[in-house]
Each structure stands twice: as structure tokens, then as C-alpha cells.
There are 2 protein chains.
Amino acid sequence: MAARTALEPAALRSPARIPLRPAAETPPRHGVRVGRIPLFEPTPHVPQGYSAKAFAGEVVPFRVVSFREGHDRIGVHLRLTDPAGNDTLHRMAPLGDGTDRWQVEVALDATGTWTYRYEAYADEFATWASSAAVKAEAGVDIAVMCALGAELLAAAAAEKDRPAPERTLLKAAAKRLKKPDAVQLGAVATDAAVTAALHDRPVQGVGSRTAALSLTVERATAGVGAWYEFFPRSEGAAQRKDGTVKSGTFRTAAKRLPGVAGMGFDVIYLVPVHPIGSTNRKGRNNTLTAEPGDPGSPYAIGAAEGGHDAIHPDLGTEKDFLAFVRAAQKEGLEVALDLALQASPDHPWVTEHPEWFTTLPDGTIAYAENPPKKYQDIYPLNFDNDPDGIYAEMLRVVMHWVGFGVRIFRVDNPHTKPLQFWEWLIAEVNAQDPGVIFLAEAFTRPAVMRALAAVGFQQSYSYFTWRNTKAELEEFLTTIAHETSDYMRPNLFVNTHDILTEYLQFGGRAAYRIRACIAATAAPVYGVYAGYELVENVARPGSEENIDNEKYEYKLRDWDAAEERGESLAPLLRRLNEIRRAHPALRQLRNLSVHWSDDDAVLVYSKHLDAAFTGTGRPDTLIIVANVDPHSVRETTVHLDTRIWGVEPGDEFLVEDLLTGAEWTWRDHNYVRLDAFAEPVHILRVKERP
Amino acid sequence: MAARTALEPAALRSPARIPLRPAAETPPRHGVRVGRIPLFEPTPHVPQGYSAKAFAGEVVPFRVVSFREGHDRIGVHLRLTDPAGNDTLHRMAPLGDGTDRWQVEVALDATGTWTYRYEAYADEFATWASSAAVKAEAGVDIAVMCALGAELLAAAAAEKDRPAPERTLLKAAAKRLKKPDAVQLGAVATDAAVTAALHDRPVQGVGSRTAALSLTVERATAGVGAWYEFFPRSEGAAQRKDGTVKSGTFRTAAKRLPGVAGMGFDVIYLVPVHPIGSTNRKGRNNTLTAEPGDPGSPYAIGAAEGGHDAIHPDLGTEKDFLAFVRAAQKEGLEVALDLALQASPDHPWVTEHPEWFTTLPDGTIAYAENPPKKYQDIYPLNFDNDPDGIYAEMLRVVMHWVGFGVRIFRVDNPHTKPLQFWEWLIAEVNAQDPGVIFLAEAFTRPAVMRALAAVGFQQSYSYFTWRNTKAELEEFLTTIAHETSDYMRPNLFVNTHDILTEYLQFGGRAAYRIRACIAATAAPVYGVYAGYELVENVARPGSEENIDNEKYEYKLRDWDAAEERGESLAPLLRRLNEIRRAHPALRQLRNLSVHWSDDDAVLVYSKHLDAAFTGTGRPDTLIIVANVDPHSVRETTVHLDTRIWGVEPGDEFLVEDLLTGAEWTWRDHNYVRLDAFAEPVHILRVKERP
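## Considerations on the overall build of chain A
Then comes step 1: Within chain A, the regular secondary structure consists of 18 helices and 34 strands.
Then comes step 2: C-alpha atoms of chain A, sized along the principal axes, occupy 105 × 60 × 45 Å.
Then comes step 3: Taken over 690 residues, chain A has a buried fraction of 59%.
Then comes step 4: As displayed, chain A has an accessible area near 26000 Å², and 51% of this comes from carbon and sulfur atoms.
Then comes step 5: Side-chain charges of chain A comprise 74 positive and 92 negative groups, with the mean position of each set lying 5 Å from the other.

In C-alpha cells:
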């Protein structure tokens, strides 16, 4: 189905790919680290020497600092080796911002481990040509420059790996310089064909190269996708006559899949589906005693019926689960499971492996706690008592579900388990199936969050939910797109079953619309927890989560009725996901630029993808303008750096609002009016450019 | 003499030094990079893996990111190995700013190569104590917590390397927990003596450590000192009756040394002292033809009399030079020579080693050029023609002057020679004499400037001269103190023979005073080119250098007469250097903090050194408030983060202006009035604190 194009890899593309040739490397000097032409700060770069990451189809900016002494010109190449061992060579361009940084963008296709290295060399022709052009104009050194040029071009023409037409071209150019002639000198130095030939196959003088660095390309879903979270027990749950609720099952939940797929989502994420403990089971609204019929928190995993490798009997059987996974696949949805590595006191591990927990001097097993608070429905694992045993069991659990076709895991509280456990587990799982994806639920300190990403997590929740003002979002979006994107991919969930921010609690429908528009356009992965469509914005007083939290009870919702009444945000989500599928620029992480407005609540950013990478031959540019104050109407001027999409400052271009269909002629400075209660956000595509 | 204390190394001091013990290291897991307790981003850090740098007596902040899963406490140690192989252990403290960064500051004394590594471990007592204190208060888990505590303390008491009194103390504490008792539990958990003992010799659970990293400590002069530049030929030069000038000599120049030393300078830097070529010699004001009697640029090195290892006959003999070096030493001044690796057409290298230059097709040697401009008095070396020959010769030249007692070289235009040459040369020279210091004259692009520092240059000129506004200086000072200080030491020259900025040209005497005050207090190395005292601020029209530039002619100055007339800035320079000697905080690079003012021309920064590092037992704090607009009087409020020097916000403290003697009672917000024409800068010391 057409929907799947969102996740299909792009072919390897680089506007600067050139014919493959060996590197020019001046032998390194004994005891000296730096090469003849310095190459510093190669990126992508991940702290602590971990491999950099990309997803299939991702356009990766490769950058390196290179310069040489004096005025002579240099060239810099990126040599890429794909997982099959094939090399390609890419000519880099100087950023020209005074940093001596060179860059080339490449869209990586094949999954697996790539290597990249940088090569810098004296560009003999460029050095000669720039000097010759100036001297021809000034009429100085004509004889010497002609002689030098003739020699250089004759040598280039003699290079064996140069195609015949090029050799002929260069030989002729050399001949034009045989006699001193200022006019010929200037003409050859600026000859477009000669310059092009020697751009693609430069004449390399002294040179050096970096060591090979590694970059892991994961399948597209590691970096692109719209996620939808639900509690399968709520989908199809029904109230009995006595007021109690009959649990939904995988069979009834599967009936919701067409609706979720119809909104354009790619991943359906289920909270834990395992048996739930009854000892110290939590009641509604996190009370300490459950009433009869309270289903308990699915995070209190383990009961007589089994543990992490079992299915809750209320939801059905393994066969039902398999049918659910298949039904999802049919709808173009991939199933993600929750990996919450903790046990209820009733978990089989407790009797079979008491050594996996902490036993206190009184012989009891320690509950999870944050003194003096105690969580008596949960025993945390103690990874230091029997690491080998625990590690092996966790790997077994994950691979058990991989056997059911599940290749995405949302990991609950990874920051409460040893970091080295995750590094080990993800590497082991990916060694068996490199397509398995782990999303870290780590709303924790920045160093911890980044470390989890560096050691292997394919995705991270990030701080998106708590970044709501214009200033916060500008900083946040710049950071995720440019500072951490070599290893961290934020999944911009707008809400979760644990998080209902004050912005959503008190911002009304406008807040829900604004956040969805930003999440869906600012990063290639975003997510929604069921109920967002219905603007479920009432919190348990004093908390940052929903009242009557679904963790502790069934939720009975009528999606269709809400949509029929015009109260659902499903149409907006549907439209946003359509826009995402239609616009490859939105399926990239690193191509975001923050622009400016004169209003402190009007956020402006663009997502641009060059024609070389869109697959259509046309560039794809979106400009998002959002009034992030959900309580006001704002009129202001936005200021755009239009050069990013190839439009000179001051030139006009046509934009179309993809939410309303309105069209305007814009330039670098534009008036906008954003009414939080009607149209809080413009999602503009650049429709025509000069 | 007392003056020399400025350069004397401090003893190794760290307020957090603890008894030496082996590290607790949980065996690393196969194939996993991260240890049981993660340790990330160790600093000091230099790009590209070069060794970090410090100077003897420098207080170095050692930092590392460390954290663990869950709520358990960790401890982090720095293990330092000095060049003699002796280890010390230092307990680090969390910065507490949400970054999971730990820090300890250590003053490094011995020169040579140090290694450092970080160790993190589960702090078993801290974990127990924090939980026990809360639970004792809440009256929960008393029995279990007493039992756990008794076990932990008994084990600590049994540790063999623990001194007897501590063992007794801990045994007694364990005994108090033998029976469940909430009062005893709370008391032991918060017992000061027990906590102190287990802070210095913690009970370590699981742990990990980093690889050993290297840090080179150079002699103090590499990082601290006041430099004075002069042209020896001008010192003692005299006009003859016919209007021509008789050159000064080393003998006459030596007469100026007491004056320079009297102003408190530490280093006397001489522009090149070698024979000057006569072919294409430049005339006054950089004209193409020299008049008879024009001495030529000392940077056009080499004549029949010799090259880089020779003395210009006008200056005297090798014996005279040696006498000059000794006279300087007597005055407490160290001589720095200029290393300008280029040749006049008359240099002996040209005939002896034509292969060290570039020969053109017409058989001539290529001049230095920036097409179409040509510098016909200079031949640049071509390092690629005979690198071995050139490298060996340059090493010979440097060691030749080292043989004369010269151990500081100011390197002219290092960015026009291969970076790998400098890495090689500095390493070779330092292998023979680690005390030799190289200052890079590289006012070039940031990446190049930083690379020169990273590969070995002990000092760099930096962009100081072009950072004149408050905003520019705030960013510049923060960068040199905190971003690049692990490897780059800026020498804040206020002017040079090549640089007379517009700020100085048009800012009058006030500009000269302001810049001297900032240079002398913001970094531990700064410099002045002779004539600054006399406010020589007239530029060659359209240029950024002095008219009648001393490079091309003799300068006849009467230092004493100017001072007698009250026109000289020598008294200010003398006072600034006195202040630098009296205040160890000014002899550090990394201890600068920028503060705030409400005026966009009033710059505020402090330099603070803890009592542990001053040698006096008292902290040393200076607050510098500068009106950087040399044309106005400014009144404003300055805002200080007084916690940096241990004063709570709002508390009063007494400050003394070291330039005027005025005293004020200050707190975190203070009124200032700075009159550019009278007192443009306050240099305040904190005289009394609450």
C-alpha cells in the first residue's frame, strides 16, 4: 500500500559523488600524529567512541575540519564503505563559515555497519588556476604560469584512470599554454570543462587521511514512524450490568487496528500484556487496595499464570496474540511491546530465582522504594547478584517475543537498570536480528538519557513533553536535530499513560492541536497515547497524569461517536500523518532550521530536503509557524533564512498551507496571524520557487 | 628577588585529597564498553587525543560524568600519578547542576607527564545512611535497617588498611545498631565522625574506572608571565648629525633592561636579531625601495653575514648577545627570541640548499606571494621538497639558541608552515629540554589557531586585540578560561609591532589604560610592545599598524622624560604587574567568571582562588569592573554571583580598589561610576568577607 513509502529506504544519493580513485597519502612522519594536511573533528561523532547511527534513507551530513598552511588550495573527500564492502567517493565542499569545516550530505540506503574516512589533499589544479586567473588579469608571471599550467595539465592528461575524452580535453588545454599568452592563461584557468574534469578527478599533491570510523545504519523504522499507544484490555472492554467491566481481548483490540491504521500510524505500541500480580495490587487512581474487578497495573508483571514470556489470560492466548500481530501487519502497522523488567511478588522468578532479587536480613525480598515511599506491588531485580543468570533470562524473554514477530520494544524505566546491561542486551539481540528496535523510556537527567542512546537504544522519549514555550522549543529542536542526532533519535510522544503535562491540562483543544502539529513535523518519529484524540485533559489533582489512569482500570471510549460529533482530533492526526507521508523532508531528523518571529510565542522552523534526496527530482521544503500560546491570537512578522531552500533573500515564492489549502506569496519577511482557537499552526509547503 | 614568586610553583594541593587505596573495579563484561558505574567525558580533554596541558602551579579542575541506575549513592575518585610515579587519590564532589558531573580541583606542582584516571563505585555507607535517616524519622523498617547498618559498619571496621582509631569508632557504631532502635539508627546514620571516616575511606561496592589519560605539566612560565617586546636596535640608537641613525646594540639595549624589569615584566621578547638581507630590502613604511641607512625588516632574515644562527653585526657579537641574556637574567627577565622561518634572497640557505625553496620553470626561486601581490624580500621555504633536511636544520637553529640560554621562542606566522612540522619540532626540542616554550603568532582562523595549540605550542596570541566590546570580551574570556584552557594558553598582547587596532587608534589614553588593565588581569600571560607606554596611537592611514613602523626604521624614544612629564603609562603597567605578583588568583587561567551589569559597556569579571591554593591560607578574590567605552562616563549597577567567593547573596563584604586605594562595602548588587577619562577600571580585591 502507498502508506508504506514513508518507511522505504532511499537509494544511496550524494550530489557530490565522484569516480572512485585511491587516496593520496603522504607517508606519516614518525611520532607525529597529524598528517600532512590536517584532518580534525570528523563527524558523525558519538561520545565515548560508540558507533554513530543513522537509519536507512537518512541524509547524513558528513563533516570534518581540514586546512593547510599558506594559501594553496586543498580538496577533501569522504570515502564511504557500505556493509557489503563497496566504496564510494564523495567530494566535500567547504562550509565557508570560517570554521574550516567541510561537508557532504549522503543518503544512506543499506542497513548494517558502514565505515567512513576522510581524505585531504593539495588540489594542484585549483591552486594553479586561482593564481593563474589573477595573474593573467594583472599581466604578471605569464610565462611561468603558462609553463606550470602546461606541465600540470599534461600530467593530468596522462593519468591512466582518466576516461579518454577527458584526456583529450586536458591535452588540448595543456597545448594552449605551450606559449606564454595571458589571454590563453586566463581562459584555461577558468575553463568550465577543464575545471569540471579536474573537480571530479582532481590532481592530488600531498595528502593525508583519517582512520576508518564506523556508522551503523538501522532499518528506517528505527528513525521514522508515527506511533500509537494503547491498552489492549480497554479496546472492546464492555461494562456489565453489575457495573464491573469485562476486559477487552486481543480479538476485540484487533478491531481497533483499522481505525489506528486509518489515522495513518505506523506502529501500535501495547503496554505490558503479561499476567498481573494480585499481591498488593494497586486499585483505581493508584490506591493501595484494589477493589474486586480492578485489573491492576500491567507493570506489576507476573502471576501464577506466568511472567514476562506469558500472555495475560484475560487478553487471550499466544495464538490470539499472534493473530493480533498478523492483523496489525495487514493494516500496515508494526506491533511494539513494553519491556518492563520488574516483578510482582507473584512472579515465577520470585520462587524460581530468589537470587535475582535483594533479600533483606529478615528474609523478605526488598520492595521497590524511594525512602520512605515503598512500592509493595513490585520487586526490583538486583543485577549484581547473578548477572549471568539475569542477562540470559532477559535475552531469552526478548527473543521469545521476537519469535512472535515483535521487533520493537518500548523499554520501561531503563535508567533504573545498569547501563552495561542495556549495552549488552541490545548488542546481543541485534546480533541475532539487527532489525529489533528499542525505545528508551528515560525522562531522566540529560547525561543518563544521552548515555542510553549512545550505548545502543534506537530511540529515546526525550524531554519533548516539557518543552512548551517558544524559547524552550527552539533550543530543544536545535539540540535534537544538530547536537545529538549522530546517536539519539527522539520519539516526540505528545502524551503517555504517565504524562499529562500542565500545558495539556490547561491549554484546551488548542494545546492538543499545537502539540500534535509540532510533534508530527519537527522530528521523523512521534507518538500519541490513545485518548489524545478525545482531548482527555483532566489530571488527578496535583499530579501530572490523567485522573482515573488507565494503568489501574479499563477505559471505555467510543472513538467513532466522538468523531461523528466533531469532537475528535482524529481528523487532524489523519491529516498530519498524510502530510508526513507526502513529504520526505518530514522523515528526516537533521534537516531542521529554526527561523525567527517578532512574537515571543510564535515559533518558526523549516524542514528542507534537497532535490537530490527526495526521489522526485524536486526539493521538498516545509515551513512550520506555530502559535505556542494556546490562549491567544497572535499577529507578527516571521523572518526566514530563505537561502536554505535556495531562494535569495527578497525573492518571492508561493506557499500552501497543508492544513487549510490557503496559499500566499511569501518572501523572507512575512506577516502571519495565528488564532489559537481556530488555526494555531501553519504547515506550509513551498509550492513554487523563482 | 620577591618578584619571582609570580612564577614559583605551588605545592600539590587539593582540598579533597584522601588516603590512597586500591580502586574497586567490577570485572568488565565481555564486549561491553561501559563499566558497572558509567564514567563518561573525562576532562581535561584535548581534541584529537593530544595530551592535556597545565603549567606548574596551575589549579586544574578535573571533571567526569558519572551516575548509576536507581537511587543508590555513588562516589567518584580522581587517581593522579605524578611524573615520578607517585599516586594520590582525590575525592570528587558532584557539581549538583543536573549534569551528573563530578569535580575536584588540584594544583599541580611537578613538571613532566602526569596521568589521571577516574574511579566510580557504589558508596555503600552513603546509600544505607541516606535511607536509614529517612526511615528512622518515619519509623519504618527499623529492624532491617539496623541489621544492615551493623553488618556494613562491622565490615568497614574490619578493613585492614583502616587506622586503629577509625576501626574502634566503626566497631562501636556497629554495636549501637545491634538491637533495633529508631533513635540509634538515626543517630548512627547522621554521626559526623562515622560519616567523616567513611568519606575518606569509603566502603566501596561495585565499581569501574577509566583508562589512564595523560597531562603534561610545563614550567610556570609556559602559562604565567608579563611580556615586553622590543627592537634591540632601537634601544640606544642615536641620531647622527647628518640625520642618519646609529643602530642600538645589545650593549645599549641592555641598559633598558632595568627599566623593563622595574615595570615588573618577566619576559623580554626580541624581534629577530639576525643579519638582514639587502636584496629588495623594504624602506620606511613598507615602501619597495630602501633609502641608504634604512635598516630593513628584521623578518627578511639572512645575508652574507649569516642566517638564522647568526647575529646581525650592527647588534654586536655572540658574546654581546650572551652578555645581554645574562644581564636580563640578573634583572629577573627571561629572553624570548623570534623564530621566523623564512629567508631573504641573500640567506646562505639559498645557495647552500636551493632545494629548500620552490624553483620555477624559469629557474628562479619563487617569492612569497598572495597573488597578485608579491613579497620580493622573502623566499618561503618549501617543506615538501626536502623535509628531512629542513626539519633537521630548524631543530639545529632552535637548539643553537637554547645553547645561549634562550628557552622561549615567539614563532612568526606558524600557520604558513605545515602543522606536522610544528608537532615534530616542539616534541623534539622538548625531548631535549622540556622547559623550552613556543608562542604561536597565529591570528588566523579558529580551527588553525586551536590546532597549533593542540599539537604543542605552549602559548598563542589569540584574538584578544580584536575583542573590544563588552559582549565580545565576555564571550572571549569565557572561551579562553573554560573552553580551550585544557590546551590553549592565550598571551593577551595589547599591541604588537604589526597590530594597532582601531580601538587603540581612536580611543585615546583611556583605551590604552582599559586594555592594559583587562589584559593584565583576565589571563595569567599578557604582553606589551614597546611604545604602548607612550600611547603611540597613530596608524599608517588605512592600515592597522603604526605609522613609521619600527619594522622598517629605528625608533628613538625617551622613556624617562615621558614618565617625568607624566605622559607615560609606565606607572600603570608597574602597578598592574605589582598587583599580579601580589595576587595568585591573577596567575591562573581557568578561574575567571563573568558577572553582569546593566550597562552595555561595563564589563564585570572575577578571578577567585580558594584558600587551599593561595599559599596564604586565605582565599584570593579580585573583581574587575571595566568601562570598555573609552569615550564616556558610565553609571550602572553591577550584579555579582558572590557565592563563587563564598559570600551568600545579600551579605556584605569589603572591597578595596587596588588602583586607587578606595574602599567600599559591597554586596551582590552594587552601584558603580566609571569615568573613562579618569578611572575607567576598578580592580577590586575582596578585603574582608563576613
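## Some points on the sheet that holds strand S16 (residues 334-339) of chain B
In a beta sheet, neighbouring strands pair by backbone hydrogen bonds and run either parallel or antiparallel.
Residues and elements named next belong to chain B.
Then comes step 1: Strands sit in the order S23-S22-S21-S16-S15-S12-S25-S24 across an open sheet of eight strands; the sheet is parallel. Bordering the open sheet on either side are strand S23 (459-460) and strand S24 (492-493), each of which pairs with just one other strand.
Then comes step 2: In this sheet, strand S25 (residues 525-529) lies alongside strand S12 (residues 225-230) in parallel orientation, the contact comprising five bridges. Across the sheet, Gly225 pairs through a bridge with Val525, a residue of S25.

## Some details on the pairing of strand S31 (residues 653-657) of chain A
Residues and elements named next belong to chain A.
Then comes step 1: Most of S31 sits inside the fold, with five of its five residues counted as buried.
Then comes step 2: Of the two faces of S31, the one holding Phe653, Val655 and Asp657 and the one holding Leu654 and Glu656 are both buried throughout.
Then comes step 3: As judged from the four bridges shared by S31 and strand S32 (residues 663-666), these two strands associate in the antiparallel manner. Residue pairing across strands places Leu654 opposite Thr665, the latter belonging to S32.
Then comes step 4: Hairpin connection from S31 to S32: five residues lie between these consecutive antiparallel strands, with Gly661 at a positive phi of about 85°.
Then comes step 5: Inspection of the sheet shows S31 paired to strand S34 (residues 681-688) by four bridges, in the antiparallel sense. Considered in S34, the bridge of Glu656 is made with Arg685.

## Structural notes on the pattern of salt bridges
When the charged atoms of two side chains lie near each other, side chains of opposite charge can form a pair.
Then comes step 1: Per the stated rule, a full pass over the model turns up 100 salt bridges over all chains.
Then comes step 2: Put simply, Asp320 of chain A and Arg251 of chain A hold a salt bridge, and the shortest N to O gap is 3.1 Å. Of this pair, Asp320 of chain A sits in helix H8 (residues 318-330) while Arg251 of chain A sits in helix H6 (residues 250-254), and the two are 69 residues apart along the sequence.
Then comes step 3: Given the relative accessible area of 59%, Arg251 of chain A is considered exposed.
Then comes step 4: Close ionic contact of Lys282 of chain B with Asp377 of chain B constitutes a salt bridge, the shortest N to O distance being 4.0 Å. Pair noted here: Lys282 of chain B is in the loop between strand S15 (267-270) and helix H8 (318-330) and Asp377 of chain B is in the loop between strand S19 (373-375) and strand S20 (379-380), with a separation of 95 residues, a long-range link.
Then comes step 5: Overall, the relative accessible area of 9% leaves Lys282 of chain B in the buried class.
Then comes step 6: Within this structure, Arg21, Glu159, Asp161, Arg162, Glu166 and Arg201 of chain A form a network of salt bridges that share partners.

## Structural notes on the sheet that holds strand S2 (residues 39-43) of chain B
Then comes step 1: The strand order across the open sheet formed by four strands is S2-S4-S8-S7 (chain B), and the pairing between neighbours is antiparallel. Each edge of the open sheet carries a strand with a single partner, namely S2 and strand S7 (93-94) of chain B.

## Concerning the interface of chain A and chain B
Then comes step 1: Each side of the interface is counted separately: chain A has 58 residues, and chain B has 58 residues.
Then comes step 2: Interface area, chain A with chain B, both sides summed: about 5100 Å², of which 59% is carbon and sulfur.
Then comes step 3: The largest per-residue losses of area from chain A upon contact with chain B belong to Arg29, Gln48 and Gln420 of chain A, which jointly make up 14% of the total buried on that side.
Then comes step 4: Counting every contact that joins chain A to chain B gives 10 salt bridges.
Then comes step 5: Linking chain A to chain B there are 26 residue pairs in polar contact (both at pLDDT 80 or more).
Then comes step 6: Counting only elements with at least two residues in the side of chain A that touches chain B, the list comes to strand S2 (39-43), helix H1 (124-138), helix H2 (142-157), strand S18 (368-370), helix H10 (387-402), helix H11 (419-432) and helix H12 (446-455) of chain A.
Then comes step 7: Classifying every residue of the side of chain A that touches chain B gives 28 nonpolar, 13 polar and 17 charged.

## Section: the confidence of the model for chain A
Residues and elements named next belong to chain A.
Then comes step 1: For chain A, the average pLDDT comes to 95, and 98% of its residues sit at 70 or higher.
Then comes step 2: Across residues 1-11 the pLDDT falls below 50, and counting only partners more than four positions away or on other chains, this stretch makes 21 contacts in the model.
Then comes step 3: Per the prediction output, this complex has pTM 0.95; the corresponding ipTM is 0.94.

## Details of the relation of the copies chain A and chain B
Then comes step 1: With an RMSD of 0.1 Å, chain A superimposes on chain B once it is rotated by 180° and translated 0.0 Å along the axis. As the rotation angle and translation indicate, the two copies are arranged about a two-fold axis.
Then comes step 2: Take the interface residues of chain A: 100% of them recur as interface residues in chain B, which is what a same-surface contact looks like.

## Some remarks on helix H3 (residues 164-176) of chain A
Residues and elements named next belong to chain A.
Then comes step 1: Between its terminal C-alpha atoms H3 stretches 19 Å, which fits the 18 Å expected from 13 residues at 1.5 Å a residue.
Then comes step 2: Of all the positions in H3, only Glu166, Leu170, Ala173 and Ala174 are classed as buried. Looking straight down H3, one finds its buried side chains confined to an arc of 100°; they lie on one side. In H3, the exposed positions angled more than 90 degrees off the buried face are occupied by Ala164, Pro165, Thr168, Lys171 and Lys175.
Then comes step 3: In the core, the buried residues of H3 are packed alongside H2, helix H4 (182-189) and helix H5 (192-200).

## Notes on the nonpolar core
Then comes step 1: Judged by nonpolar contacts, the single largest core of 173 residues is most densely connected at Phe62, Leu425 and Phe438 of chain A.
Then comes step 2: A per-element tally of this core places helix H15 (residues 508-522) of chain A first, with 10 residues.
Then comes step 3: Residues within four places of Phe438 of chain A in sequence aside, it is in contact with Leu339, Val398, Phe409, Val411, Leu425, Ile426, Val429, Phe457, Gln458 and Gln459 of chain A.
Then comes step 4: The next biggest cluster of nonpolar side chains, apart from the first, holds 171 residues, and it includes Trp227, Ile268, Trp356 and Cys517 of chain B.

## Some points on helix H5 (residues 192-200) of chain B
Residues and elements named next belong to chain B.
Then comes step 1: Taken as a whole, H5 has its buried residues at Val194, Ala197 and Leu198. End-on view of H5: buried residues confined to an arc of 90°, all on one side of the axis.
Then comes step 2: The elements touched by buried residues of H5 are strand S6 (87-91), helix H1 (124-138), helix H2 (142-157) and helix H3 (164-176).
Then comes step 3: Capping the start of H5, Asp191 holds a side-chain oxygen 2.9 Å from the backbone nitrogen of Ala193, two or three residues further along.

## A few points about the packing of aromatic side chains
Then comes step 1: Under the definition given, this model contains 64 aromatic pairs over all chains.
Then comes step 2: On the basis of an interplanar angle of 85° and a centroid distance of 6.5 Å, the ring pair of Tyr228 of chain A and Phe230 of chain A is categorised as edge-to-face.
Then comes step 3: Ring centres 5.9 Å apart and planes at 70° place the aromatic pair Trp349 of chain A and Trp356 of chain A in the edge-to-face group.
Then comes step 4: The exposure class assigned to Trp349 of chain A is buried, which follows from its relative accessible area of 3%.
Then comes step 5: Clustering of aromatic rings is evident, with ring pairs tying together Tyr228, Phe230, Phe250, Phe265, Phe321, Phe324, Trp401, Phe404 and Tyr526 of chain A.
Then comes step 6: Between Arg33 of chain B and the ring centre of Tyr50 of chain A, over which it is positioned, the NZ or CZ distance is 5.3 Å.

## Some thoughts on the packing of H2 of chain B against H3 of chain B
Residue and element names in this part refer to chain B.
Then comes step 1: The interhelical angle for the contact between H2 and H3, taken along N-to-C directions, is 160°, at an axis separation of 8 Å. Our classification of the angle between H2 and H3 gives roughly antiparallel. As for the relative orientation of H2 and H3, their crossing is left-handed in sense. Contacts between H2 and H3 involve Ala150, Leu153, Ala154, Ala156 and Ala157 from the former and Arg167, Leu170, Lys171, Ala173 and Ala174 from the latter.

## So, the side chain of Arg36 of chain B
Then comes step 1: If you trace the backbone, Arg36 of chain B turns up in the loop between strand S1 (17-18) and S2.
Then comes step 2: Polar contacts involving the side chain of Arg36 of chain B include one to the side chain of Asp384 of chain A, which spans 2.6 Å.
Then comes step 3: Only 2.7 Å separates the side chain of Arg36 of chain B from the side chain of Glu69 of chain B, close enough to count as a polar contact.

## Some remarks on the environment of Trp401 of chain B
Residues and elements named next belong to chain B.
Then comes step 1: One can find Trp401 in helix H10 (residues 387-402).
Then comes step 2: Take Trp401: its relative accessible area is 1%, and that puts it in the buried class.
Then comes step 3: Sequence-wise, Trp401 and Ile683 are 282 residues apart; in three dimensions their C-alpha atoms are separated by 39 Å.
Then comes step 4: Ignoring anything within four residues of it in the chain, the contact list for Trp401 reads His274, His308, Asp309, Ala310, Ile311, Phe321, Leu337, Val406 and Phe409.
Then comes step 5: At 2.9 Å, the side chain of Trp401 forms a polar contact with the backbone oxygen of His308.

Reading the values: the criteria
Residues numbered from 1 in each chain as written. Chains lettered and ligands numbered in written order. Predicted model: local features only at pLDDT ≥ 70, side-chain atom pairs only at ≥ 80, totals over all residues. Heavy atoms only, no water. Helix = DSSP H or I, 4+ residues; strand = E, 2+ residues; numbered from the N terminus. Buried < 20%, exposed > 50% of the residue type's maximum accessible area, 1.4 Å probe, protein only. Areas by Shrake-Rupley, 256 points an atom, 1.4 Å probe, with all protein chains shown as cover. Lys, Arg positive; Asp, Glu negative; His and termini not counted. Charge placed at Lys NZ, Arg CZ, Asp CG, Glu CD. Pairing = 2+ DSSP bridges. Salt bridge = Lys/Arg side-chain N within 4 Å of Asp/Glu carboxyl O. Contact = heavy atoms within 4.5 Å. Buried area = accessible area lost by both parts, 1.4 Å probe. Polar contact = N/O pair within 3.5 Å; in protein donor to acceptor, adjacent residues only side chain to side chain. Nonpolar A, V, L, I, M, F, W, Y, C, P; charged D, E, K, R; others polar. pLDDT = per-residue confidence, 0-100. Least-squares fit on C-alpha atoms with pLDDT ≥ 70 in both. Expected span 1.5 Å × (residues − 1). Arc of directions from axis to C-beta. Core = buried A, V, L, I, M, F, W, Y, C linked by side-chain atoms within 4.5 Å. Phe/Tyr/Trp six-rings, centres within 6.5 Å; stacked < 30°, edge-to-face > 60°. Lys NZ or Arg CZ within 6 Å of the ring centre and 35° of its normal. Axes fitted to C-alpha atoms, helices over the stretch in contact; angles between N-to-C directions. Parallel < 35°, antiparallel > 145°, perpendicular 65-115°, else oblique. Left-handed = near helix turned anticlockwise from the far one by under 90°.

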